[in-house]
Amino acid sequence: MTFNPTLDAIQTYEAGKPIELVVRKFSINPKDIIKLASNENPLGPSPKAIECIAKNAANAHLYPDDSMLVLKQSLSEHYQVSPKEIIIGAGSDQIIEFCIHAKAHQNSKVLMAKTTFAMYEIYSKMVGATLIKAQSQFHNLQEFLEIYKIHKPSIIFLCTPNNPLGECLDKNEIFSFLKEIHSNTLVILDGAYQEFAKAKDSSKAISPKELIESFPNAIYLGTFSKAYGLGGMRVGYGIAKEEIIKALLKMRPPFNITTPSLAAAIEALKDQEHIKQTLQNNLEQMVLYENYATKKNIAYIPSYGNFITYLFQSPLDSSTIADYLLKKGIIIRNLASYGLNAIRITIGTKSQNQRFFTFFDEFLGQ
Ligand SMILES: *Cc1c(COP(=O)(O)O)cnc(C)c1O
């Protein structure tokens, strides 16, 4: 069978390895496995969200409220924007897909950082658009601007904090950059880790309201998968001016969010105490990862997310390290597929992180 030739250029996205795989492959007891690979919340979802998911199970035979009005209203209050300026997706991944389909086609160009979230590339290639990747290792807006002036891309991706490296742009830097960008270029600001950045350094925080009021060609993406601990429920959102939201809504399949997912997201947003604990754990434990790296002479990238990237030099090899840890039941993300001798570790709970350090010590001591 022949397929759409755009698929030939696409590599299947490699998601973080699931616990189930480690159980099958190494016969390790699931309770001895820790997953620090997909930037999930190690504290789990808000207990109130869990309760709400259970309550909504009895309504599983009914289609969800397709208007998603209650969740939109909650987000509207949280961010001080109109419900009409919000679109809900099955993860913010789905909004990325809508944005690319809404704006890009065969002759379009899409600009992104050299090392950033892999789905930008996959969806862009799917519509046959030309990818333009900056050359700097981290987001460098001066370079972005130079490339922008030459290529006039239809879409620009800014992932801030950036996954998988963890660097983060300043709000002022982003706003100065956006002033130079034509109103017909869609700027996608992926804020999947913004909650963590804001807690660490307020100069990195982006207000979606201020963003879209200043720049009607920008869209802010948020997700319930990271700080809110609901990766398994698949809820994300886009915030933009109505003109953009209306275009995106044309692509939204009906009932794209399940009833329990909608309920969970609404409860999770209310439970800001849980978010506070999440952010506090992240800040405290991040320091331990930095200190550990310094002590062991390992280079790391200062991170504004809920993960940290360790960079290795030969003879240390990220694939060997990832395999070693996996056999011990510790799943982390090997960044070899990004062409880096590096691993990305999600910041876990105190005891999870201690286990990581113990096994890493063991690896280094061999
Ligand atoms: C996790 C992540 C997302 C989206 O995740 P969803 O689960 O689809 O909401 C988007 N962008 C980045 C950079 C991410 O790391």
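Residues numbered from 1 in each chain as written. Predicted model: local features only at pLDDT ≥ 70, side-chain atom pairs only at ≥ 80, totals over all residues. Heavy atoms only, no water.

Enquirer: In this structure, what is going on with the sheet that holds strand β8 (residues 236–239)? I would like to understand it.
Expert: The seven strands are arranged β2-β8-β7-β6-β5-β3-β4 in an open sheet whose pairing can be described as mixed. With partners counted over all chains shown, the strands left at the sheet margins are β2 (86–89) and β4 (130–133), one partner each. Going from strand to strand, the sheet's axes swing by 20° on average, the running direction of each strand aside. In the sheet, β2 pairs with β8 via four bridges, with the strands oriented antiparallel. Bridging from a neighbouring strand, Ile 86 pairs with Ile 239 of β8. In this fold helix α3 (residues 69–79) packs onto β2, β7 (218–223) and β8, with an angle of close to 125° to the strand it touches most, β2. (Pairing = 2+ DSSP bridges. Helix = DSSP H or I, 4+ residues; strand = E, 2+ residues; numbered from the N terminus. Axes fitted to C-alpha atoms, helices over the stretch in contact; angles between N-to-C directions. Contact = heavy atoms within 4.5 Å.)

Enquirer: Sorry, what's going on with the side chain of Glu 167 here?
Expert: With respect to the helices and strands, the residue Glu 167 is situated in the loop between β5 (155–159) and α7 (171–179). It turns out Glu 167 is buried and unbridged, and the closest side chain with the opposite charge, Lys 204, is 10 Å from it. Within the structure, Glu 167 has its side chain in polar contact with the backbone nitrogen of His 139 (distance 2.9 Å). For Glu 167, the residues in contact, after removing those within four places along its chain, are Phe 138, His 139, Pro 161, Asn 162, Pro 302 and Tyr 304. (Buried < 20%, exposed > 50% of the residue type's maximum accessible area, 1.4 Å probe, protein only. Lys, Arg positive; Asp, Glu negative; His and termini not counted. Salt bridge = Lys/Arg side-chain N within 4 Å of Asp/Glu carboxyl O. Polar contact = N/O pair within 3.5 Å; in protein donor to acceptor, adjacent residues only side chain to side chain.)

Enquirer: When you look at the site of the ligand in this model, what are you seeing that I'm missing?
Expert: Surrounding the ligand, one finds 13 residues, the nearest of these being Asp 190, Thr 223, Ser 225, Lys 226 and Arg 234. In this structure, Lys 226 approaches the ligand through a side-chain N or O atom, which is 2.9 Å from an oxygen atom. In this structure, an oxygen atom belonging to the ligand sits 2.6 Å away from a side-chain N or O atom of Arg 234. Its free accessible area being 380 Å², the ligand has 94% of it covered by the protein chains. (Near = heavy atom within 4 Å. Areas by Shrake-Rupley, 256 points an atom, 1.4 Å probe, with all protein chains shown as cover.)

Enquirer: In this structure, what is going on with unusual backbone geometry? I would like to understand it.
Expert: With glycine set apart, most residues show a phi of negative sign, and most peptide bonds adopt trans. Cis peptide bonds are those with omega within 30 degrees of zero, and the linkage from Asn 163 to Pro 164 qualifies with 15°. Summarising the element assignment, Pro 164 is placed in the loop between β5 and α7. Cis geometry marks the peptide bond from Ser 314 to Pro 315; its omega dihedral reads 15°. Structurally, the position occupied by Pro 315 is in the loop between β10 (307–311) and α13 (318–327). The phi angle at Ser 27 is positive, at roughly 50°, despite the residue not being glycine. Backbone geometry at Met 68 places phi at a positive 50°, although glycine is not the residue there. Structurally, the position occupied by Met 68 is in the loop between α2 (47–56) and α3.

Enquirer: What is the right way to read the packing of α2 against helix α11 (residues 259–270) from this model?
Expert: Packed helices, taken two at a time, are described by the angle between their axes plus the distance between the axes. With their axes 8 Å apart at the nearest point, α2 and α11 run at an angle of 155° to one another. In terms of axis orientation, α2 runs roughly antiparallel to α11. Relative to α11, the crossing made by α2 is right-handed. Mapping the contact onto sequence places Lys 48, Ala 49, Cys 52, Ile 53 and Asn 56 in α2 and Thr 259, Pro 260, Ala 263, Ala 264, Glu 267 and Ala 268 in α11. (Parallel < 35°, antiparallel > 145°, perpendicular 65-115°, else oblique. Left-handed = near helix turned anticlockwise from the far one by under 90°.)

Enquirer: Got a minute to help me understand the packing of aromatic side chains in this structure?
Expert: What characterises a pair of aromatic rings is the spacing of the ring centres plus the angle enclosed by the ring planes. Summed over all chains, the structure comprises 22 aromatic pairs. Ring plane angle 75° and centroid distance 6.3 Å describe the contact between Phe 144 and Phe 177, whose orientation is recorded as edge-to-face. With Phe 144 in helix α6 (residues 141–151) and Phe 177 in helix α7, this pair connects stretches of sequence that are 33 residues apart. Take Phe 144: its relative accessible area is 0%, and that puts it in the buried class. With a centroid separation of 6.3 Å and 85° between ring planes, the pair formed by Tyr 310 and Phe 360 is classed as edge-to-face. With Tyr 310 in strand β10 and Phe 360 in helix α14 (residues 350–365), this pair connects stretches of sequence that are 50 residues apart. Taken as a pair, Tyr 310 and Phe 360 share a single burial class, namely buried. In this structure an aromatic cluster arises from ring pairing among Tyr 289, Tyr 292, Tyr 310, Phe 312, Tyr 324, Phe 356, Phe 357, Phe 360 and Phe 363. A cation over an aromatic ring shows up here: Lys 171 above the ring of Phe 175, its NZ or CZ 4.7 Å from the ring centre. A cation over an aromatic ring shows up here: Lys 200 above the ring of Tyr 304, its NZ or CZ 4.6 Å from the ring centre. (Phe/Tyr/Trp six-rings, centres within 6.5 Å; stacked < 30°, edge-to-face > 60°. Lys NZ or Arg CZ within 6 Å of the ring centre and 35° of its normal.)

Enquirer: Would you mind showing me how to read the pattern of salt bridges here?
Expert: If the charged atoms of two oppositely charged side chains come close together, the side chains can form a pair. Applying the stated criterion to the full structure yields 13 salt bridges. Asp 170 is the salt-bridge partner of Lys 204, the closest N and O atoms lying 2.8 Å from each other. Taken as a pair, Lys 204 in the loop between α8 (194–200) and α9 (208–214) and Asp 170 in the loop between β5 and α7 lie far apart in primary sequence, 34 residues in all. The exposure class of Lys 204 is buried, given its relative accessible area of 9%. Looking at Asp 170, the relative accessible area reads 27%, which means it is partly exposed. As a salt-bridge pair, Lys 328 and Glu 362 come within 3.1 Å of each other at their nearest N and O atoms. Within this pair, whereas Lys 328 is found in the loop between α13 and β11 (330–331), its partner Glu 362 is found in helix α14, the two being separated by 34 residues in sequence. A relative accessible area of 34% places Glu 362 in the partly exposed class. Each of Glu 121, Lys 125 and Lys 133 takes part in salt bridges that share partners, so that together they form one network.

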